[in-house]
Protein chains: 2
Amino acid sequence: MTAVKAYAAQNATTPLAPFIFERRDPLPTDVQIEILYCGVCHSDVHQVRNEWGGSIYPMVPGHEIVGRVTKVGGEVKNFTVGDLAGVGCFVDSCRTCPSCLANEEQYCDTGMVGTYNGRDKEGNPTYGGYSTRIVVDEKYCLHISEALPIEGVAPLLCAGITTYSPLRHWKIGKGHKVAVVGLGGLGHMAVKFAASFGADVTVLSTSKSKEQDALNLGAHHFAVTTDPETMKNLQGHFDFILSTISARHDYNPYLNLLTLNGTMVVVGVPPQPSVVNAFSLIGKRRSIAGSLIGGIKETQEMLDYCAENGIVSDVEVIKASEVNEAYERMLKGDVRYRFVIDIASLK
Amino acid sequence: MTAVKAYAAQNATTPLAPFIFERRDPLPTDVQIEILYCGVCHSDVHQVRNEWGGSIYPMVPGHEIVGRVTKVGGEVKNFTVGDLAGVGCFVDSCRTCPSCLANEEQYCDTGMVGTYNGRDKEGNPTYGGYSTRIVVDEKYCLHISEALPIEGVAPLLCAGITTYSPLRHWKIGKGHKVAVVGLGGLGHMAVKFAASFGADVTVLSTSKSKEQDALNLGAHHFAVTTDPETMKNLQGHFDFILSTISARHDYNPYLNLLTLNGTMVVVGVPPQPSVVNAFSLIGKRRSIAGSLIGGIKETQEMLDYCAENGIVSDVEVIKASEVNEAYERMLKGDVRYRFVIDIASLK
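All values derive from a computational prediction rather than experimental measurement.

A word on the domain arrangement of chain A
Residue and element names in this part refer to chain A.
Then comes step 1: For chain A, the assigned domains are domain 1 (2–158 + 313–346) and domain 2 (160–290).
Then comes step 2: Across the contact, 12 residues belong to domain 1 and 15 residues belong to domain 2.
Then comes step 3: Across the domain 1-domain 2 interface, the total number found is 11 residue pairs in polar contact (both at pLDDT 80 or more).
Then comes step 4: Of the residues assigned to the side of domain 1 that touches domain 2, the class counts are six nonpolar, three polar and three charged.

Structure representation (structure tokens):
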């Protein structure tokens, strides 16, 4: 066991603060990673504040982890000391259920083991990437290219795969009209991927102020959802809508923008259930679906795609001591588009 | 113009009563049908009572119409006097939009012309099948086999196609576990079709009393949704759920019964929007979709399939004068499974 420096929440209400805990030494199939950068995800705030219930304290958040391998167990085959490596939202799963066998561990029948705020197979709490080191079974580690700025790669491990996976699953590409709702950490990655896949991309936002940014990110169009005329003109327009909104909202105005057989995929989790009007679905055989991050295989595919196509997240690098302020700014939408903690600031 | 006897609602609150109105003489592409039977659909009640808004009075309901051709226009090619013919939920559409060109007139961009409670292209109100005669363009008429009892065929025009179409669209067949929620007019047809297509069919009902009926209709299993243990055991069990419920209900307990990538299709329209918990969708990449009747081509395919496979609706034949009582009984679920008006009782 070795002591690891971290930032942690001790309960749902007080700010995150320095914390020291112990990580295991690498088991035979483990990779030990010295963390370089860790992204700040909206779900970190939800879990720190126990907004989804069941939070485990002390909590070391963070599941957008990039670092360098410093030690490997004797049976590790695919990582060597000195490699860049990444860890996303989970660090284990049952490995035997149909989802795990289909490389979709995120849908594991018995539940994936979260990178933090979870419990490993021995029942010990898991601690995330707001820390100097992590030890993870190699099956749940990702290879990271040396070609990209790694602070911009970190958010790909959650924000990236969360948007890449549904765009791939629903086979989005040339000829599709795609809307991205919300231009935050997830939304800005959705725009980059959808545009890269060849779709015609519109950003839907409550604020006109994001228009130039949306176009800079690769969107072809921008529409303000608070303008009734705009919303009326876009009725039945989109083949696919990816909604990244995690604030409470009504799905129906968006559903009505879908064309015949169109699908809206939600990746944000509002704190309360949203209402759906059956007419909105029935009138054009529309669907609303959900999608959860992606499996290890697909996450690697996404990282490789990003390396080949020069895609990274737009980030603002902060010190660990700035994370509480970053949470407040993120909740106000005041970040373009992801905070990433420079873990050197923890040492 | 000829006078036609009918049963009509004069407003949203008083009982239906005898009514006489005029139908046009057949235009060159029209078929004139002497109606023999007309099914009573739950949506008749919604519209008679203006529960969806915008009702047009006087209203002659009825869109599950079977009768015999008594006259055809000079340009009619596919029907001759003496043929059995059917009319479903719509009698016209724009004929030029992508949906119409794709034989999915029910999703017409400018809106199909409802068989009743609609307005034709001249702006005149349309009157439905609780009447002795109807005149419809042949493109919107269906061929009816002489091989089946036609009183049992009438409900196929709405209850049949409404359940057949989504089962076909989502390619349900052998190897699929299908749940049908609600065992009424739509539900009993869904059971017959899903079983006929080779799926493993479970009826989900609030009432244990329907178990034997469900099995008689072809279901392989029956589950009572008010039993928490049963619902728990069925979590993640079904590939496809067809919900025929048009009463207010919570979608989430049903969504949680879907397997990874499972789809729930709603064909009933609750009076209020229903809530959807994003977690229910996201956790297993589930979808909820809507489906609206079917196009003329698919309705004909369904009718032909029924004729080949001996499938009809289970009906209780009533006189027109019994329709108000039938509405009350239908709302209580006291019909196995569709009321059909013997139009001879109107003459």
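Observations concerning the relation of the copies chain A and chain B
Then comes step 1: Under the fitted operation, chain A is carried onto chain B by 0.0 Å of movement along the axis and a turn of 180 degrees, and the coordinates agree to an RMSD of 0.0 Å. A rotation of that kind, with that shift, is consistent with a two-fold axis. By C-alpha distance to the rotation axis, the residue of chain A lying nearest is V275 of chain A, at 2.1 Å.
Then comes step 2: When you check the interface residues of chain A against chain B, 100% turn up at the interface there too, and the contact is symmetric in its surfaces.

Comments concerning the sheet that holds strand 14 (residues 258–266) of chain B
Then comes step 1: Strand order in the open sheet made by the 12 strands is 12(A)-11(A)-10(A)-13(A)-14(A)-16(A)-16(B)-14(B)-13(B)-10(B)-11(B)-12(B), with mixed pairing throughout. Of all the strands in the sheet, the pair left with one neighbour each is strand 12 (221–224) of chain A together with strand 12 (221–224) of chain B. Each strand axis lies, on average, 20 degrees off the axis of its neighbour in the sheet, ignoring direction.
Then comes step 2: Direction of pairing for strand 11 (residues 200–205) of chain A relative to strand 12 of chain A: parallel, over a ladder of four bridges. Bridging from a neighbouring strand, S205 of chain A pairs with V224 of chain A of strand 12 of chain A.
Then comes step 3: Here helix 4 (residues 159–169) of chain A sits on the sheet and contacts strand 13 (238–243) and strand 14 (258–266) of chain A together with strand 14 of chain B; the angle it forms with strand 13 of chain A, its principal contact strand, is near 155 degrees.

What counts and what doesn't
Residues numbered from 1 in each chain as written. Chains lettered and ligands numbered in written order. Predicted model: local features only at pLDDT ≥ 70, side-chain atom pairs only at ≥ 80, totals over all residues. Heavy atoms only, no water. Domains from an automatic or database assignment. Contact = heavy atoms within 4.5 Å. Polar contact = N/O pair within 3.5 Å; in protein donor to acceptor, adjacent residues only side chain to side chain. Nonpolar A, V, L, I, M, F, W, Y, C, P; charged D, E, K, R; others polar. Least-squares fit on C-alpha atoms with pLDDT ≥ 70 in both. Pairing = 2+ DSSP bridges. Helix = DSSP H or I, 4+ residues; strand = E, 2+ residues; numbered from the N terminus. Axes fitted to C-alpha atoms, helices over the stretch in contact; angles between N-to-C directions.

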